[in-house]
Amino acid sequence: MVNNDITTNPTMIEQDAVMATLEDYATAYCAKDIDALMNIFDDEKNISLIGTGEDELCGGREAVKRVFLRNFEEATANQFEWHWRHIIITGDQAVVAISLTIHLDYCGDALKVPVRWTVALRKINDHWRWLHRHASAAASGQTEGEAYPTDD
């Protein structure tokens, strides 16, 4: 896949700092280190997460933590492979739109899961902290050039 980096940002230093939080997430997730993973998020209770699972829609630190712990029980991630990305930074707020492939061991099988993320961040005391992460997968019934999935 071609990596078409599209980045809008006042400085490369801030872009790198925002992107480093995604690397920190990937490292913590692959290590199943729940404390390190939760440290990426804002310390306030007002964080949220939307995952690809039907029931993965939650707000608050404990609810977000429960989703990650369940994920850790079901599979082991080995690598996050970043693809296209778009980073917007305005003052102390940032939004990252990124596509990635997560390489997993699931029930003895190696899986590659293509995912799209949107991450909302806030800069607090010179550290970018996640407020929200939304994950989605491309609609299986929607082909390139079509606006909506169909059952064909």
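Values in this document were obtained by computation on a predicted structure and should not be read as measured data.

Colleague: I'm lost on the pattern of salt bridges in this one. Help?
Modeller: Where side chains of opposite charge bring their charged atoms close, a pairing between them can arise. All chains considered together, the criterion is met by four salt bridges. Between Asp-42 and Arg-122 there is a salt bridge whose closest N-O contact spans 2.5 Å. With Asp-42 in the loop between α2 (34-39) and β2 (48-50) and Arg-122 in strand β6 (residues 109-124), this residue pair connects regions lying 80 residues apart in the sequence. Accessibility expressed as a relative area gives 26% for Arg-122, which makes it partly exposed. The shortest N-O distance in the salt bridge between Arg-70 and Glu-56 comes to 3.0 Å. Here Arg-70, found in helix α3 (residues 61-74), pairs with Glu-56, found in the loop between β2 and β3 (57-59); they are 14 residues apart in sequence, far enough to count as distant. When its relative accessible area of 29% is taken as the criterion, Arg-70 is described as partly exposed.

Colleague: Whenever I open this one, the pairing of β6 confuses me. Can you help?
Modeller: Regular strands have side chains that alternate between both faces of the sheet. As paired strands, strand β5 (residues 93-106) and β6 are joined by 14 bridges and run antiparallel to one another. Directly across from Tyr-106, in β6, lies its bridge partner Asp-109. The antiparallel pairing of β5 with β6 creates a hairpin that spans two residues between the two strands, and Cys-107 there sits at a positive phi of about 55°. Across nine bridges, β6 lies against strand β7 (residues 127-136) in antiparallel orientation.

Colleague: Please explain the nonpolar core as it appears in this structure.
Modeller: A general trend in soluble globular proteins is that nonpolar side chains are found buried together. Tyr-25, Leu-37, Phe-68, Phe-80, Trp-82, Trp-117 and Trp-130 are the most contacted members of the largest nonpolar core, which has 39 residues in total. Those elements that provide at least two residues to this core are α1 (12-31), α2, α3, β4 (76-90), β5, β6 and β7. Looking at this core, the element that brings in the most residues is α1, giving seven residues. Once residues within four sequence positions are removed from consideration, Tyr-25 is found in contact with Leu-37, Ile-40, Phe-68, Phe-80, Trp-117, Trp-130 and Arg-133.

Rules and cut-offs
Residues numbered from 1 in each chain as written. Predicted model: local features only at pLDDT ≥ 70, side-chain atom pairs only at ≥ 80, totals over all residues. Heavy atoms only, no water. Salt bridge = Lys/Arg side-chain N within 4 Å of Asp/Glu carboxyl O. Helix = DSSP H or I, 4+ residues; strand = E, 2+ residues; numbered from the N terminus. Buried < 20%, exposed > 50% of the residue type's maximum accessible area, 1.4 Å probe, protein only. Pairing = 2+ DSSP bridges. Core = buried A, V, L, I, M, F, W, Y, C linked by side-chain atoms within 4.5 Å. Contact = heavy atoms within 4.5 Å.

Geometry only, nothing functional implied.
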